Amino acid sequence: MSTITAQSAKAKKSLKQDVYEHPDFYQIDSLLTEEHKLIRSSIRDFVKREISPYIEDWAQRAHFPYEIVKKFGEIGAFGPTIPQEYGGGGLDYISYGILMQEIERGDSGMRSTASVQGSLVMYPIYKFGNEAQRKKYLPKLAAGEWLGCFGLTEPDHGSNPNGMVTNFKDKGDHYLLNGTKMWISNSPKADLAVVWAKDEKGRIHGLIVERGMPGFSTPETHGKWSLRASTTGELVFDNVKVPKENLLPNKSGLGAPLMCLDSARYGIAWGALGAAMDCYESARRYAAERIQFGKPIASFQLVQKKLSEMLTEITKAQLLNWRLGTLLNEGKATTAQISLAKRNNVQVALEIAREARQIHGGMGITGEYPIMRHMMNLESVVTYEGTHDIHLLILGNEITGIPAFS
Ligand code: TGC
Ligand code: FAD
């Protein structure tokens, strides 16, 4: 058997088994409740059973496993903080973070599906919708019977959503919607979209647009090297007649979608840490098993340096997430605090993925290990939900009181 075949065989065995356990260097587990730990072990089991054995194949084939939507609904991955009367989990923000961490440990694209549905579709319907809208949409979204997407970004307006040109006109008994949204997670398979568009006075509102409305289409975006198991597309509105009862009535202005982003960015801070911990654990195990110069590579100082720095950054990010979650539970977290965590943790995860890739040597570029997939996924995560530099500017604004966006 050639060396690479032998390495592959060993790798396949360990991937199939998915022996992942998270590092807990500062005993942060002792800050969690029994309920948090129960949620973590059940979602981890789910990921080991339903995602890990298949994810490399899905990603290699750029296949979105639509059946995961129903399964996520069954385990309560959608809308964990939404009240139970609407089908949500009624859980706290630490539980929500743990769910995102464990799912992204499996794959960032799978976490995208879950966080878009929960934070960017269910959250605005719950927060800005009326009772009829909540009752009509939330239980079906929570159960995974319907899939939703969130349309903010446009071809010419990404970091600056306030410049959006998608608009609607009041036609008496309905609104007439026109425009295009781009880079929309879930869109090709979504049953409905929460769309942000300007009224005739230029004020931004949220509208619920359902698949099947004439003039509404969702072309898929092909050729991604990142988030390959997640489906991404456009939202095209060509004179779409939207019923008036589909306007979210309880908040307008850019602040409404930005509130949704606060919730989703918090989930990403935890999710990216999940990907980072998966890379670290894989590198730690590989370093112990891989022999070069007659010794495990783990015995070399340069490999130990990499592992030590990874664990240091993981531990700092774990503490950041836990504290941010408790602030959110108390209703005290700010947008800038969320930006700091999203920005830091995604960057740390990317650096850990790159170092872990090096520890795996040539094997690190193959689909036998999760490293390269995590690394490529994180290249999207560092850009969406506010780019790395936009979060820097949000922090800069908080520190100085001077917005430097434009
Ligand atoms: P700015 O003037 O700062 O604010 C406009 C209005 O909004 C209010 N506001 C907020 N309200 C509630 N919560 C927040 N977090 C808020 N932040 C701001 C603000 O008070 C103001 O209100 P008012 O009443 O005075 O009008 O807005 P700006 O145009 O200067 O933009 C600021 C900036 C650049 C930070 C913002 O536009 C931004 O965050 N840009 C990044 C865009 C972004 O993150 N897009 C994400 C698209 S969704 C996505 O990527 C999903 S990926 C999902 C996945 O697959 O997981
Ligand atoms: P731009 O805004 O054009 O930015 C390009 C570069 O310029 C970046 O480095 C940026 O930091 C920099 N830049 C821009 N403005 C400034 C400034 N003022 N100062 C300094 N630097 C600046 N959007 C949705 O609405 N819904 C979704 O579900 C969704 N899913 C996505 C899924 C994927 C896979 C991807 C890649 C994106 C998704 N997005 C989604 C879009 C995402 O939010 C945007 O890509 C992101 O906000 C950046 O916009 P942009 O790509 O147009 O880049």
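The present account deals with the structure reproduced in this document.

Scoring rules and cut-offs
- Residues numbered from 1 in each chain as written.
- Chains lettered and ligands numbered in written order.
- Predicted model: local features only at pLDDT ≥ 70, side-chain atom pairs only at ≥ 80, totals over all residues.
- Heavy atoms only, no water.
- Near = heavy atom within 4 Å.
- Polar contact = N/O pair within 3.5 Å; in protein donor to acceptor, adjacent residues only side chain to side chain.
- Areas by Shrake-Rupley, 256 points an atom, 1.4 Å probe, with all protein chains shown as cover.
- Helix = DSSP H or I, 4+ residues; strand = E, 2+ residues; numbered from the N terminus.
- Nonpolar A, V, L, I, M, F, W, Y, C, P; charged D, E, K, R; others polar.
- Buried < 20%, exposed > 50% of the residue type's maximum accessible area, 1.4 Å probe, protein only.
- Pairing = 2+ DSSP bridges.
- Core = buried A, V, L, I, M, F, W, Y, C linked by side-chain atoms within 4.5 Å.
- Contact = heavy atoms within 4.5 Å.
- Salt bridge = Lys/Arg side-chain N within 4 Å of Asp/Glu carboxyl O.

**Details of the site of ligand 1**
Part 1 of the reasoning: Around ligand 1 lies a shell of 26 residues, among which S112, S185, R265, T335 and E385 are the nearest.
Part 2 of the reasoning: D262 places a side-chain nitrogen or oxygen 3.0 Å from a nitrogen atom of ligand 1.
Part 3 of the reasoning: Take R265: an N or O atom from its side chain is 2.7 Å from an oxygen atom of ligand 1.
Part 4 of the reasoning: In isolation ligand 1 has 1,200 Å² of accessible area, and contact with the protein removes 69% of it.
Part 5 of the reasoning: When contributions to the shell around ligand 1 are tallied by element, the ones reaching two or more residues are α6 (108-128) and α8 (255-289).
Part 6 of the reasoning: Ranked by the residues each element gives to the shell around ligand 1, the list is headed by α8, at 6 residues.
Part 7 of the reasoning: Partitioning the shell around ligand 1 into residue classes produces 12 nonpolar, 10 polar and 4 charged.

**Some points on the pairing of strand β4 (residues 192-198)**
Both faces of the sheet carry side chains from a regular strand, because those side chains alternate between them.
Part 1 of the reasoning: For β4, the tally of buried residues reaches 7 of 7 residues, placing the bulk of the element in the interior.
Part 2 of the reasoning: Because side chains alternate across β4, one face comprises the buried residues L192, V194, W196 and K198, and the other comprises A193, V195 and A197, equally buried.
Part 3 of the reasoning: The pairing of strand β1 (residues 148-151) with β4 spans 4 bridges and is classified as parallel. Bridging across to β4, G148 finds its partner in L192.
Part 4 of the reasoning: The pairing of β4 with strand β5 (residues 204-210) spans 7 bridges and is antiparallel. Residue pairing in the sheet places A193 in a bridge with V209 of β5.

**Details of the environment of G172**
Part 1 of the reasoning: Looking at where G172 falls in the secondary structure, it is placed in the loop between β2 (167-170) and β3 (174-185).
Part 2 of the reasoning: What makes G172 partly exposed here is its relative accessible area of 48%.
Part 3 of the reasoning: Counting along the chain gives 72 residues from G172 to K244, while the straight-line C-alpha distance between them is 8.8 Å.

**Considerations on the nonpolar core**
Part 1 of the reasoning: Counting residues in hydrophobic clusters, the biggest one holds 58 residues, and the most contacted among them are I51, F72, I103, M110, I125, W196 and Y266.
Part 2 of the reasoning: No other element matches α6, which puts 9 residues into this core.
Part 3 of the reasoning: Once residues within four sequence positions are removed from consideration, F72 is found in contact with F46, I51, A77, F78, I103 and M110.
Part 4 of the reasoning: Within the second largest apolar cluster, 36 residues are counted, among which are A275, L311, A317 and Y369.

**Points about the pattern of salt bridges**
Part 1 of the reasoning: Across all of its chains, the model carries 24 salt bridges by this definition.
Part 2 of the reasoning: When the shortest N-O distance is used, the salt bridge between R373 and D107 registers 2.7 Å. Within this pair, whereas R373 is found in helix α11 (residues 371-381), its partner D107 is found in the loop between α5 (93-106) and α6, the two being separated by 266 residues in sequence.
Part 3 of the reasoning: According to the relative accessible area criterion, R373 is buried, its value standing at 8%.

This is a description of form; function is not addressed.
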